[in-house]
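As a plain string of letters, each chain reads:
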Protein chains: 4
Amino acid sequence: MSAAPKNTLAGSEIVLGPTNYGKSTVRLVKVIRGPDRHDVRDLTVDVTFAGDFALAYVQGDNSAMLATDTMRNTVYALAPEHLVASIEEFGLILVNHFLSVAPAANRVEVRLVEYPWSRIEVGGVPHAHSFTRSSGEHVAVVSGTRETQEVTAGIDNLLILKTTNSGWENFLHDQYTTLPDADDRILATMLTATWSYAATTNVDFDQLWRGVHDCILTTFTDHYSPSVQHTLYRMGKAVLEAYPAVRKIHFTLPNKHHLVFNLAPFGLENNNEIFHVTTDPYGVIEGTVERRS
Amino acid sequence: MSAAPKNTLAGSEIVLGPTNYGKSTVRLVKVIRGPDRHDVRDLTVDVTFAGDFALAYVQGDNSAMLATDTMRNTVYALAPEHLVASIEEFGLILVNHFLSVAPAANRVEVRLVEYPWSRIEVGGVPHAHSFTRSSGEHVAVVSGTRETQEVTAGIDNLLILKTTNSGWENFLHDQYTTLPDADDRILATMLTATWSYAATTNVDFDQLWRGVHDCILTTFTDHYSPSVQHTLYRMGKAVLEAYPAVRKIHFTLPNKHHLVFNLAPFGLENNNEIFHVTTDPYGVIEGTVERRS
Amino acid sequence: MSAAPKNTLAGSEIVLGPTNYGKSTVRLVKVIRGPDRHDVRDLTVDVTFAGDFALAYVQGDNSAMLATDTMRNTVYALAPEHLVASIEEFGLILVNHFLSVAPAANRVEVRLVEYPWSRIEVGGVPHAHSFTRSSGEHVAVVSGTRETQEVTAGIDNLLILKTTNSGWENFLHDQYTTLPDADDRILATMLTATWSYAATTNVDFDQLWRGVHDCILTTFTDHYSPSVQHTLYRMGKAVLEAYPAVRKIHFTLPNKHHLVFNLAPFGLENNNEIFHVTTDPYGVIEGTVERRS
Amino acid sequence: MSAAPKNTLAGSEIVLGPTNYGKSTVRLVKVIRGPDRHDVRDLTVDVTFAGDFALAYVQGDNSAMLATDTMRNTVYALAPEHLVASIEEFGLILVNHFLSVAPAANRVEVRLVEYPWSRIEVGGVPHAHSFTRSSGEHVAVVSGTRETQEVTAGIDNLLILKTTNSGWENFLHDQYTTLPDADDRILATMLTATWSYAATTNVDFDQLWRGVHDCILTTFTDHYSPSVQHTLYRMGKAVLEAYPAVRKIHFTLPNKHHLVFNLAPFGLENNNEIFHVTTDPYGVIEGTVERRS
């Protein structure tokens, strides 16, 4: 950063602050051609570099810059040999590779999303090379410096709903409050979860991902929810209790409102049966549950 | 239409041509509260009227117009009693209702999309009132006049892929052709299918929908595909052969291109293993397979 | 179509019905490098063929099929010489070219969308080679057979709004009607218009497009709107009266509802001042205004 | 946070970490009904609270929680009196109001996006109450605690392009680099900028926004760009030099790649004239330019 020229204005200097650059949305499919069947890996990869790139920003000197086109090539070039297990492990390979070829990069982050494909069943038998896309994306974010690495995993876009055992009561009222208390409502959210691991080696990332995923779903079902906030905490706590490998977990839970439709003008009762679903506005509840060391 | 005023210009008159109006994206959730478990119906409904509405268009007289807000109310008001079986049957009820209350409507079309929800499994047991959204939307379009009705069903957004048993060879070449022949490529498409039924009563719409859905998937797997076009025809023919209740079927099959990534500059072979997926441009293949009476 | 094999089922044959195929979303930018300044043409082009392609669909014989990849190449290859005036004229060139190289194509349709770029002004002077994207896409659909051609032009995604001089009154009531009459409401729509021309040669397509565009906007402002339907008719009539070159015009007008927010619970009046905007559901009003020959 | 129960596992406790909640996508339109003309304010508002909400998360006690529905009501209820000048000033009012009614909220953030509407011109005269949406959203993020406030302003989704005076040369090469140097390329980006102000009172936010906006555009045009990175720095430096009220500015600049289409197979030259535009993957360049105090 010492390369930044001095620009004095009103007693201050203008300098370059934090920067990053990279390649986004590298779409990669790998087909593993086994003797009896094919397997498909379907990924979107984003690569981000942070580091000592002031020469490029301030002086237009690109000599320390790996082209984002090279980042893309690298994702494809390393996939034959290294995309063989979890996306977390492929991400670790990518981060280390990028740190080795780009001396000015101090921190590299690779975000990977894997889309699941299920075999089409023909007469009850899973087909050898034909698939349908199923739901439930597996996300991993791997970041590293030359000293340390961090792996987080996550779930995106998991739409879940409870028809009962949820309410919202006894909340703070002010002059603009009109919402009545509810002790039986639909709870629906498009869940995003991200959790970080205590270690990056000797971890069965795929098994852990499925375990955390199932633990979240199970906890979603197992209690009366007085608020999205409390359900968030319970889900996080359950994950941390069941999985010592998880250091902390963060949730983003948009509240997809299902409102009882007013049928009274038509002489009809509506005992929590008919709802209209609204797109906007929507509540957003976020929070982290973590370990105190 | 005789109400249209005469405007002479260069020997011609300006008149109102075909029109339609309606309500789009009515989002409806119905919870069926059984003694042991809840069921969820999750629908988006569009309503469209065509008919003798020239008074409104030409003269600003709304006396024959049902408000689109009333269309919305009606979808909710009829759901308690009438959304009890397939969306096709609910659509038929809606069409008949709208024709009965709006004398100027000559033709009413109701499009319904149902989103499937799967029960969350807790310890292997499906939960009584907690769900995750699964993939595979069921679409129905019901249209009717005072004389006749038509029901079509369909599938939207079904992403399918074959890793082999697909090619594109021996096609027409001209001066701008650069694509080489391929006898082993990935075939991937986001399938949309729409089929019409020969009858509208005494039809098990849900069972037929599942049957057609499975027949399409099975046929997708069962042959070497020389083109998306030919696979389209085979899928349509298989459906019509297996389901006499289906009169005709139409497919829209965007070709989601998976291109072999060139690894040669890096000294690596790529034996149909590593692909990049491109968003645009993409091929689109459409066609109908039908019965000749 | 005589190539279709006979499949007898319940006294019927299964045959190929209407088909089409093509390439979608070909993104093309052309820079015209004048002596003093550059100009930019920014297009998305879709190509669709219909014709005698039963051999491919039914028998897997591609010998009559131009690859969609070739369609893409052609759009780029013809742009240097032929994308010099309106997109309508470029579309006519493309249609004729495709008919000449693909004998089995009976009908070719080319849809072109042009995105406008405005010069950045620096000190009040338009810059020679720097631009910002502005709004107002110009759409053209050119279709042709070996005998005839048709050109339509259009506007997509034109968001317009009136704060007054609009209402919705005296409409049909039934048992599910709750909407009150309104004689002063916001009228807002995302206008789509498509009009067809009587001739395809000796037409100044760009000048006509601007004229029709401005005529639509002017008419939108010039009257009390008793309904979206009536405003649609008035806009269409005004275009046909002013532009003899236009044969007919079709509008799609989603009603973007702006609802008066109820401030009464807070002791505040709301004299048509504060509105909430809802995304769904929304009304859709469509219609054609045409000449009676 | 002391309310968090202790859960011992492997020597650690599970506790609640950082949280926030709020309402997103509150869509508000205000019509100002002047004697001669109407004005339109069209906003989307997001409200986010952070604070001492552990009781709700951990114990399901909502007594300190303002409902997100109340947040929505408040935006509408305060708009008649307080949405009279810039969105930054309305945001400051909202932040202070929310801190006053929600004692547990320690920090409130309000994000506002204003969409510009232009008057339709009829015969060269701007219309009194009819508008078209124009491009260039004005964003403001106002955050505050009981001690301090911060205002940032920004631009979203500003699509800009240079046809020349841009290159990418002399960059770092490794074994996976295939991109050739370019000294004349198209530079195109969808610019996002966010800048923070040194003060929150006695600031003409609207005038500053226009000034920063124009300064960014002017700087985009005024130099040979050796990289998106360098252009980012120059734009930031120009803003800080011209506007002492701006403390720092952050840019996100996706590189919308325009690639020279290879016309050589068709015997055609392509002297930087015909480009295909690719959606993915794309480069992303980010960075902050700030003052060193």
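Residues numbered from 1 in each chain as written. Chains lettered and ligands numbered in written order. Predicted model: local features only at pLDDT ≥ 70, side-chain atom pairs only at ≥ 80, totals over all residues.

1. Quick look at the overall build of chain A
Short version of the rule: Where helices and strands are cited, they refer to DSSP runs of H or I of at least four residues and of E of at least two residues respectively, numbered from the N terminus. To get the radius of gyration, use the C-alpha atoms; to get the globule rule, take the number of residues to the power 0.38 and multiply by 2.2 Å. Each residue is classified by how many other C-beta atoms fall within 10 Å of its C-beta atom, where C-beta atoms are placed from the backbone; a count of 20 or more means buried, 12 or fewer means exposed, and values in between mean partly exposed.
A tally of helices and strands in chain A yields 5 helices and 13 strands. Computed over its C-alpha atoms, the radius of gyration of chain A comes to 24 Å, more than 25% above the 19 Å expected for a compact globule of 293 residues. In terms of overall dimensions, chain A has C-alpha extents of about 75 × 70 × 40 Å along its principal axes. Scored against the burial criterion, the 293 residues of chain A give a buried share of 46%.

2. Focus on the interface of chain A and chain C
Definition in use: Residue pairs qualify as contacts under a 7 Å threshold applied to their C-beta atoms, which are placed from the backbone. Ten residues, namely Ala, Val, Leu, Ile, Met, Phe, Trp, Tyr, Cys and Pro, are considered nonpolar, four, namely Asp, Glu, Lys and Arg, are considered charged, and the remaining ones, Gly among them, are considered polar.
Facing 7 residues of chain A, the contacting portion of chain C comprises 7 residues. A per-class count over the side of chain A that touches chain C returns 3 nonpolar, 3 polar and 1 charged.

3. As for the confidence of the model for chain A
Counted only if it meets this: How sure the predictor is of each residue is captured by pLDDT, a score from 0 to 100.
A residue-level look at chain A finds 96% of positions with pLDDT of 70 or above and a mean pLDDT of 95. This complex was scored by the predictor with a pTM of 0.95 and an ipTM of 0.93.

4. Details of the domain arrangement of chain A
Residue and element names in this part refer to chain A. Put simply, the test is: An automatic or database domain assignment is the source of the domain bounds shown.
Domains assigned within chain A are domain 1 (16-147) and domain 2 (155-293). The partner domain 2 presents 8 residues to the 8 residues of domain 1 that form the contact. If you list the elements that add at least two residues to the side of domain 1 that touches domain 2, you get α3 (87-101) and β7 (137-144). Within the side of domain 1 that touches domain 2, the residues separate by chemical class into 2 nonpolar, 3 polar and 3 charged.

5. Digging into the packing of helix α4 (residues 205-221) of chain C against helix α5 (residues 228-242) of chain C
Residue and element names in this part refer to chain C. Condition: Between the N-to-C directions of two axes lies an angle of 0 to 180 degrees, each axis being a line fitted to C-alpha atoms and, for a helix, fitted only over the stretch in contact. Here roughly perpendicular refers to angles of 65 to 115 degrees, roughly parallel to angles under 35, roughly antiparallel to angles over 145, and oblique to all remaining angles. Whether a crossing is left-handed or right-handed is set by the direction in which the near helix is turned from the far one by less than a right angle, anticlockwise for left-handed and clockwise for right-handed.
At a closest axis distance of 9 Å, the pairing of α4 and α5 adopts a crossing angle of 140°. Judged on the interaxial angle alone, α5 and α4 are oblique. Crossing hand, α4 versus α5: right-handed. In contact with V212, C215, I216, T219 and F220 of α4, α5 contributes T231, R234, M235, A238, V239 and A242. For the contact of α4 with α5, the residue count by class is 8 nonpolar, 2 polar and 1 charged.

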